[in-house]
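A structural walkthrough
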Amino acid sequence: MTRTTRRGTTVELAISSALIALGVTRDEVEVEVINQGRKGFLGFGAKEAEVTVTIVNFEEPSVPEKVLVPEEAQPVMEIQPFEVEVIGKSVEPPVEKEEVQIEGLSDETAIGETEHYLKMIAIGMGIDDIQISHETNGKYVTFQMESAKAALLIGKRGQTLNALQQLSQLVTNKLANQFKVVRIDVGDYRERREQSLEQLAERMADKAVRTGKKIQLEPMASYERKVIHNALSRRLDIETYSEGTDPFRYLVIESVR
């Protein structure tokens, strides 16, 4: 193999990977940078660098078949070929090495980066008094946000808060070593919202039984649909299921009588 293409988080790492695969040094190759790569923001939009490395002046060494001497030299001798056997060690062709994978950050560092990410978004929304704290319980991480402009963070029926929660889930798991389930709350909004959803579930279930018609609720986040599923799980006169695709997936309540 005289040429290979490799990727890495930087151009230099990609070149190093290629040199290892080819078994040569930097001064024995030509490097073509296909893509410089980019870091992105907190891992989002990041793109790996890509290079093609080619060995230059690659020639097989020639071995003379005969050594010629002048005719007057006596006797004329011909060099006979010979073999050298390496005992106790087998020689194998170089094997291409896999690219080194960079491990994630520690969980605490990943959570700290997510907290900083949330602060930057809040400031971008014009919320300068934002205060954020977090609690961890195994794989669950809860961020508590406080501000006099809490309504901006929550949005209509929690849509902004749900979007922030989804983004934070992506950021945390992009950086952390272990998978985390992220939850974001502002004040006691989540608790009040769950109580409201449970009351809505009972009313709509009664309506489905009374009218015999399917009740289709508005599109909701997956965790809100789960709240309604759980609230009605003990009822034997209705069934619940979800239809549609996110972010417009909705829950249906249907009578089974």
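Counting starts from 1 at the beginning of each chain's written sequence and moves along it residue by residue. Since the coordinates come from a predicted model, pLDDT governs what is reported: local features require at least 70, and pairs of side-chain atoms require 80 or more to be given and counted, while whole-chain, interface and lining totals use all residues. Note that water and hydrogens are dropped before the side-chain values are worked out from all heavy atoms of the structure.

Considering the layout of surface pockets
Left-over empty space is what a probe sized like a water molecule reveals as it rolls over the atoms. Computed over the protein atoms alone on a 1 Å grid, cavities are sets of points where a 1.4 Å probe fits but cannot get out and pockets are open sets with protein on both sides within 12 Å along at least five of seven lines; a residue lines them when it has an atom within 4 Å of a point. Grid points are joined across faces, edges and corners, and a volume is the space filled by probe spheres set on the points. Approximately 1,000 Å³ is the volume attributed to the largest pocket. As for the largest pocket, its lining consists of 30 residues, and the residues nearest its centre are Asn162, Ala221, Ser222, Tyr223 and Glu224. Numbering of helices and strands runs from the N terminus; a helix is a DSSP stretch of H or I covering at least four residues, while a strand is a stretch of E covering at least two. Only β5 (140-146), α4 (159-175), β6 (181-186), α5 (189-211) and α6 (222-231) provide two or more residues apiece to the lining of the largest pocket. In terms of residue count, the dominant contributor to the lining of the largest pocket is α6 (seven residues). Any residue that is not Ala, Val, Leu, Ile, Met, Phe, Trp, Tyr, Cys, Pro, Asp, Glu, Lys or Arg is counted as polar, Gly included; the first ten are nonpolar and the last four charged. Here the lining of the largest pocket is composed, by residue class, of eleven nonpolar, eight polar and eleven charged.

Topic: the sheet that holds strand β9 (residues 250-255)
Taken together, three strands build an open sheet; the order of strands is β7-β9-β8 and the sheet is antiparallel. Both outer strands of the open sheet, β7 (215-216) and β8 (238-243), are each paired with one neighbouring strand and no more. Strands are treated as partners if at least two bridges between them are detected by DSSP. Pairing of β8 with β9 involves six bridges; the strand directions are antiparallel. Each residue of the ladder has a partner; that of Glu243, found in β9, is Tyr250. Sheet strands in contact with α5 are β7, β8 and β9, and its direction is about 45 degrees off that of β9. Working rule for contacts: check all heavy atoms of both residues, and any pair within 4.5 Å makes them a contact. In this analysis, axes come from line fits to C-alpha atoms, helices being fitted only over the stretch in contact, and the angle between any two N-to-C directions falls in the range 0 to 180 degrees.

Some thoughts on unusual backbone geometry
A positive phi angle, close to 50 degrees, is found at Arg157, a residue other than glycine. Within the secondary structure layout, Arg157 lies in the loop between α3 (150-154) and α4. When accessible area is computed with a 1.4 Å probe and restricted to protein chains, residues below 20% of their type maximum are described as buried, those above 50% as exposed, and intermediate ones as partly exposed. A relative accessible area of 46% places Arg157 in the partly exposed class.

Topic: the environment of Val252
Secondary-structure assignment places Val252 in strand β9. A relative accessible area of 4% places Val252 in the buried class.

So, the sheet that holds strand β4 (residues 131-137)
The strand order across the open sheet built from three strands is β4-β5-β6, with neighbouring strands paired in mixed fashion. The sheet terminates laterally at β4 and β6, the two strands that pair on one side only. Neighbour to neighbour, the strand axes of the sheet diverge by 20 degrees on average, direction disregarded. Alignment of β5 against β6, held across six bridges, turns out to be parallel. The residue of β6 that forms the bridge with Tyr140 is Val181.

Section: the pattern of salt bridges
Salt bridges, as used here, are contacts in which a Lys or Arg side-chain nitrogen is within 4 Å of a carboxyl oxygen on Asp or Glu. Applying the stated criterion to the full structure yields nine salt bridges. Between Asp107 and Lys180 there is a salt bridge; the shortest N-O distance is 3.4 Å. Placement of the pair is Asp107 in helix α2 (residues 107-124) and Lys180 in the loop between α4 and β6, with a sequence separation of 73 residues. Linking Glu194 and Arg183 is a salt bridge whose minimum nitrogen-to-oxygen distance equals 3.5 Å. Taken together, the residues span a long stretch of sequence, with Glu194 in helix α5 and Arg183 in strand β6 at a distance of eleven residues. Owing to a relative accessible area of 23%, Glu194 belongs among the partly exposed residues under this scheme. The structure contains a network of salt bridges with shared partners spanning Glu202, Asp206, Arg235 and Asp237.

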